[in-house]
Amino acid sequence: MPDSNQKLSRRDFFKASGLIAAGAMGGPALLGGLRTAQAAPKAPAWTSGFSACDMCFNKCGLIARVEDGVLTKLDPNPKFLKSRGMLCARGNAGISHVYDPDRLKHPLLRKGARGEGKWQRIPWDEALDMAAEKMAAVRRDYLPCGHLFSAGSDLQSQFVGRLAEVYGSFNITSHESLCLVSNSRAFLDTFGEVPFADVLHSKYIIMAGANRFEALVTPDSMDLMTAMREHGCKLVTLDPRYTKTAALSDEWYPIRPGTDMAFMLALAHVIIGEKLYDAQWIAEKTYGIEQLTEHVKQYTPGFAAEQCGIPAEDIARIARELAAAAPTSMVYPGRRSSDYEDSTQIRRSFAIVNGLLGNWDRPGGLLAARAVGLKGVPYDAPWYDENHEDRIDAETVPMMFEHEGSFMVTRDAVLADDPYKIRGWFIYKTNPMATAPNRKKTIEMMNKMDFITVVDIAMSDTAWFADLVLPSQSYLERTDPCSGLQGSSACACVVKRDPLIEPLYESRPLFDIVKGIAGRLDLGEYFDFTMQEFRTRQLAGLPGAEEILDRDGVYYNPSKVYGIYDGRVYKTLSKKVELYNQRYEQMGIDPLPVYTPPAKVPANQFRLVIGRNALVTQGSTANNGLLHQFVPENTLWLNPEPAERLGIADGDLVEVSSAVGRQSLKAEVTDKIRSDTVYMLTGFNSLSTMQHLAHGNGASIAEVLDGKYDTVTGNAALHQTFVTVTRKVA
Ligand SMILES: Nc1nc2c(c(=O)[nH]1)N[C@H]1C(S)=C(S)[C@@H](COP(=O)(O)OP(=O)(O)OC[C@H]3O[C@@H](n4cnc5c(=O)[nH]c(N)nc54)[C@H](O)[C@@H]3O)O[C@H]1N2
Ligand SMILES: Nc1nc2c(c(=O)[nH]1)N[C@H]1C(S)=C(S)[C@@H](COP(=O)(O)OP(=O)(O)OC[C@H]3O[C@@H](n4cnc5c(=O)[nH]c(N)nc54)[C@H](O)[C@@H]3O)O[C@H]1N2
Ligand code: SF4
Ligand SMILES: [Mo]
């Protein structure tokens, strides 16, 4: 956050919250009464209700205060253990999300060229007729798989998947292939499932490529603080930036980007070489210690030191400390791993060190998934003989997640019409124009389409290039299905959402939209239920849960936390923790991670990396009036040494250019970043002029990032772009 904004106190923040909410209410006619300074005082007529935050994927429990039909305050639900009763700044700023004057208000049909910004308001019936007609036309002309469906992180996204399946398309992408699939793959292929980190009880944590004190993941972010402050946990952070997490760590190393695997394999070298592991655990529960022992001989601390820029003696010491604290220690698994072309193998090296520590299914280690108890609501999708055989991105990378796909591979395949044509796109609550690298390519992809329907709350850049834009209800206006959440050792719980205010404008929930479209496509039978009926089916195995949800805003399943694997086998080929992966071997993928040094940063260039800020969510908060006060624009973090060489002073306007695009923004000259790396926040400088705070403000990182992807899963590789930085003459 720029220094000038740090002056805003917590009190000012909440004052601003009230003011902005009041200022954005849209007038008495709309919301039934605006409080003014002149109005006669009357007894407060307010109510409150539970919900789950939607300002990021964490779904923290909240209590909303509603006065005269208007949301005036969002508070944490103290009974919500997953967030330890916390609602972060973005959660508080949810009020500005709901009352954003730039919110979409009614269905809009494109009139001019794509991206020209000419729209015509149309009635809902006409909009749904058109969406359905165009979908039917795409199916007729290009077969069901000729239509792509994309949905972001949301409790209703499952209905987009359902619509796609009953329509007959295999082509569904989620935000996950821009986020974490390589990490999920790596841990799944080591332990047989994707773990939760028991940060609270850990005594020693290595955090690499993750930033828990800014990139909030609940309960890990809160538990990390408690573990450090109250339980004496040691935190070692590897990050090319001096993040807030780095600042609070016991040790921080500004690692050379892309070299984490060398560091992890060197830890394994020391742990194995000095026999610092639990021999019984390794013998009974793991597979491949011999191969691993042989493999890591070459990866000495000295070798890693040269690669990572971290002293060899520190690497060896950290390995010993980590092993001494085992099994109550961990290499934190992280979350976003959309970093490099070999991210799956990088994260495999993280998983392997955890395997050596024997920290699985025990306090302070990596935990298996717990039973939440929600039931799925199955359905039989119709089969279409006349269709393509597989997803458009199939058979490109070996270990893609079938239900997530790869946005990057899909985009290339759509552009090449290979192996077939896709000409229709339905998009819900995801904004690839801001969050997929290489924005020009995403525009090309959109230009390929005959018809694009976007369901969003705002005129995002993705909506801006669509044909039909449908206004969505916010999380505080709609009924949502129940969702099961895991909170490491904190809880396994269920949350739901009910409307707390009347829906604004003509906004509708996605469920009604897909139901309307499905009905018009003669697929109504697959959506033949209400949301309440759906929830009742989800909760069928949890008697009394509905009442508890109404009483507390959250339902806890008292399921087992540790020892879930006692007497159970691992879901891997060897039925053990696979240090050496047998399936990879069969498929021709390196069964043990082989370190390849990252490409050298060319002379006079920088590696551009991405990362979180506690007051920004990906591409969706740059237009939030409240958060804008704290982060009014994005800046380019540039180390003082190259800044001086390039004649760039703090605050100067600079141009950042890569092989695919260029953008201008202010330089923030800071020693919080390595001299070979630069960084900027995401979501700024939107093309859509209907995002008044984000449009023309700062720079779009998506315009500059190059679109490479992980070769095992198709996960985007967002840290592989080199840029030049030059001072712009005013
Ligand atoms: N405030 C906030 N919280 C969020 C989100 C948000 O948008 N805002 N988003 C949520 C989501 S969807 C996710 S996936 C998570 C993401 O949470 P994290 O996985 O923690 O992701 P990032 O903040 O992207 O952190 C990655 C860090 O890696 C550093 N880095 C870059 N290159 C390298 C490298 O080669 N090696 C190492 N060791 N480090 C490197 C970056 O500087 C950055 O600080 O956060 C979640 N929480
Ligand atoms: N450059 C860059 N790229 C990234 C990342 C990054 O940090 N930087 N992060 C990566 C990661 S980890 C992830 S998870 C992905 C996330 O990428 P996306 O899935 O694109 O997530 P957001 O950027 O949050 O965009 C969410 C969209 O949902 C809309 N929205 C918000 N609330 C509602 C609602 O209630 N209803 C509807 N219908 N729409 C709503 C917002 O207006 C916005 O258009 O991006 C990945 N790509
Ligand atoms: S971490 Fe913050 S933004 Fe994310 S769900 Fe929780 S309160 Fe909301
Ligand atoms: Mo993510």
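Cut-off values and rules
Residues numbered from 1 in each chain as written. Chains lettered and ligands numbered in written order. Predicted model: local features only at pLDDT ≥ 70, side-chain atom pairs only at ≥ 80, totals over all residues. Heavy atoms only, no water. Near = heavy atom within 4 Å. Polar contact = N/O pair within 3.5 Å; in protein donor to acceptor, adjacent residues only side chain to side chain. Nonpolar A, V, L, I, M, F, W, Y, C, P; charged D, E, K, R; others polar. Domains from an automatic or database assignment. Pairing = 2+ DSSP bridges. Helix = DSSP H or I, 4+ residues; strand = E, 2+ residues; numbered from the N terminus. Contact = heavy atoms within 4.5 Å. Axes fitted to C-alpha atoms, helices over the stretch in contact; angles between N-to-C directions. Phe/Tyr/Trp six-rings, centres within 6.5 Å; stacked < 30°, edge-to-face > 60°. Buried < 20%, exposed > 50% of the residue type's maximum accessible area, 1.4 Å probe, protein only.

Caption draft 1: Region of the structure containing the site of ligand 1. Around ligand 1, the structure places 33 residues, and the nearest of them are Asp239, Asp260, Arg336, Tyr340 and Val616. A distance of 2.8 Å separates a nitrogen atom of ligand 1 from a polar atom in the backbone of Leu216. Residue Gly258 places a main-chain N or O atom 2.8 Å away from an oxygen atom belonging to ligand 1. Of the residues that constitute the shell around ligand 1, the class distribution is 15 nonpolar, 9 polar and 9 charged. Here the shell around ligand 1 spans two domains, since at least three of its residues come from each of domain 2 (196–367) and domain 3 (606–727).

Caption draft 2: Region of interest: the sheet that holds strand S18 (residues 480–487). An order of S18-S19-S20 is seen for the 3 strands of this open sheet, with the pairing classed as antiparallel. Whereas interior strands pair on both sides, the edge strands pair on one side only; in this sheet they are S18 and strand S20 (555–556). One ladder, built from 6 bridges, connects S18 with strand S19 (residues 491–497); its direction is antiparallel. Within S19, the residue paired with Asp480 across the bridge is Arg497. Along the sheet, helix H21 (residues 531–538) makes contact with S18 and S19, crossing S18 at roughly 35°.

Caption draft 3: Examining the packing of aromatic side chains more closely. Taken as a whole, this structure holds 20 aromatic pairs when the rule is applied. A centroid spacing of 6.3 Å and a plane angle of 40° characterise the contact between Phe149 and Phe426, whose relative ring orientation is tilted. Of this pair, Phe149 sits in strand S6 (residues 147–151) while Phe426 sits in strand S15 (residues 424–428), and the two are 277 residues apart along the sequence. What makes Phe149 buried here is its relative accessible area of 0%. For Phe426, a relative accessible area of 0% translates into the label buried. With 4.9 Å between their ring centres and 75° between their planes, Trp637 and Tyr679 make a pair best called edge-to-face.

The values reported here are purely geometric and, on their own, carry no functional implication.
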